[in-house]
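# Structure assessment
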Amino acid sequence: DTAVSQTPKYLVTQMGNDKSIKCEQNLGHDTMYWYKQDSKKFLKIMFSYNNKELIINETVPNRFSPKSPDKAHLNLHINSLELGDSAVYFCASSHLEWGTGELFFGEGSRLTVL
Amino acid sequence: SQQGEEDPQALSIQEGENATMNCSYKTSINNLQWYRQNSGRGLVHLILIRSNEREKHSGRLRVTLDTSKKSSSLLITASRAADTASYFCATVSTGGGNKLTFGTGTQLKVEL
């Protein structure tokens, strides 16, 4: 059973297109995240939702729009893709009530913008 | 700005040797965590140490935390080829909610 699953694993698209990445967790966690990892492996948080409510929104272009239909799902939609959006996007989840902050990560979605 | 800086950026050792990675951070923290990332995979949580703890062990892992120096170290003893991966420290800042900020990572290569 995959705890945090993301789809698709690979995504190759042209500049200007719109794409979505989906994430689901079956751990019963109340909080989900999107992180971006660049080519130098630098990981930066983008968004976090707690029980479907946005709680972290870092300085991210408004072309990126997260959506959480329920606390087990957090999707990321990207409009008008640019070359600089090429990266690996990781979804993660945790349980804020437990207070530990330990994150469980998905396997990543590698986005390549041509 | 990046919260954690790790040192060294890359480390290559022989199987059986110990590997030590260091992490420095900038703000007061609630806890510090270490994660491992195998090539092409997601991050896996290894160990968490709270701000009031100084040392923690888990199997072959030993983590220390010095809040006065804002630094932590991860020691992997008796390394194995399967330990080859990137290792990241991450911190939860005081008053930072559950925002986990990652360091720059250390790439560890364990050779047979």
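Residues numbered from 1 in each chain as written. Chains lettered and ligands numbered in written order. Predicted model: local features only at pLDDT ≥ 70, side-chain atom pairs only at ≥ 80, totals over all residues. Heavy atoms only, no water.

Moving on, we come to the overall build of chain A. From N to C terminus, chain A includes zero helices and eleven strands. Ordered by position in the sequence, the α and β elements of chain A form the string β-β-β-β-β-β-β-β-β-β-β. What you see for chain A is a C-alpha radius of gyration of 13 Å, in line with the 13 Å of a compact globule of 114 residues. Expressed as lengths along the three principal axes of its C-alpha atoms, the size of chain A is roughly 40 × 30 × 25 Å. When burial is assessed residue by residue, chain A has 43% of its 114 residues classed as buried. Counting contacts in chain A only where the partners sit at least 6 residues apart, residues at least 24 apart contribute 54% of the total. For chain A, the accessible surface area stands at approximately 5,700 Å², while carbon and sulfur atoms represent 50% of it. (Helix = DSSP H or I, 4+ residues; strand = E, 2+ residues; numbered from the N terminus. Rg over C-alpha atoms; globule rule 2.2 N^0.38 Å. Buried < 20%, exposed > 50% of the residue type's maximum accessible area, 1.4 Å probe, protein only. Contact = heavy atoms within 4.5 Å. Areas by Shrake-Rupley, 256 points an atom, 1.4 Å probe, with all protein chains shown as cover.)

Before going further, it helps to spend a moment on the interface of chain B and chain A. Taken together, the contact pairs 19 residues of chain B with 20 residues of chain A. Considering only the side of chain B, the residues that lose the most area to chain A are L43(B), N98(B) and K99(B), jointly responsible for 32% of the buried surface there. For the pair chain B and chain A, the interface holds two salt bridges. Its salt-bridge partner being E58(A), residue K99(B) comes within 3.2 Å of it at the nearest N-O pair. Counting across the interface, chain B meets chain A through six residue pairs in polar contact (both at pLDDT 80 or more). Counting only elements with at least two residues in the side of chain B that touches chain A, the list comes to strand 4 (29–37), strand 5 (43–50), strand 9 (85–93) and strand 10 (100–102) of chain B. (Buried area = accessible area lost by both parts, 1.4 Å probe. Salt bridge = Lys/Arg side-chain N within 4 Å of Asp/Glu carboxyl O. Polar contact = N/O pair within 3.5 Å; in protein donor to acceptor, adjacent residues only side chain to side chain.)

Here the focus is the environment of K52(A). Residues and elements named next belong to chain A. Positionally, K52 belongs in the loop between strand 5 (43–50) and strand 6 (53–57). Exposure remark for K52: the relative accessible area of 48% places this residue in the partly exposed category. Between the C-alpha atom of K52 and that of A3, which follows or precedes it by 49 residues, the distance is 18 Å. Setting aside chain neighbours within four positions, we find K52 in contact with S68, P69, D70 and K71.

The subject of this paragraph is the pairing of strand 4 (residues 31–37) of chain A. Residues and elements named next belong to chain A. The buried count for strand 4 comes to six of seven residues, which makes it a mostly enclosed element. By the bridge criterion, seven bridges tie strand 4 to strand 5 in an arrangement that is antiparallel. Note that in strand 5 the partner of Q37 across the bridge is L43. Hairpin connection, strand 4 to strand 5: the antiparallel pair is bridged by five residues, and K41 has positive phi, about 70°. Here strand 4 pairs with strand 9 (residues 87–94) via seven bridges, running antiparallel. Paired with Y33 across the two strands is A92, which belongs to strand 9. (Pairing = 2+ DSSP bridges.)

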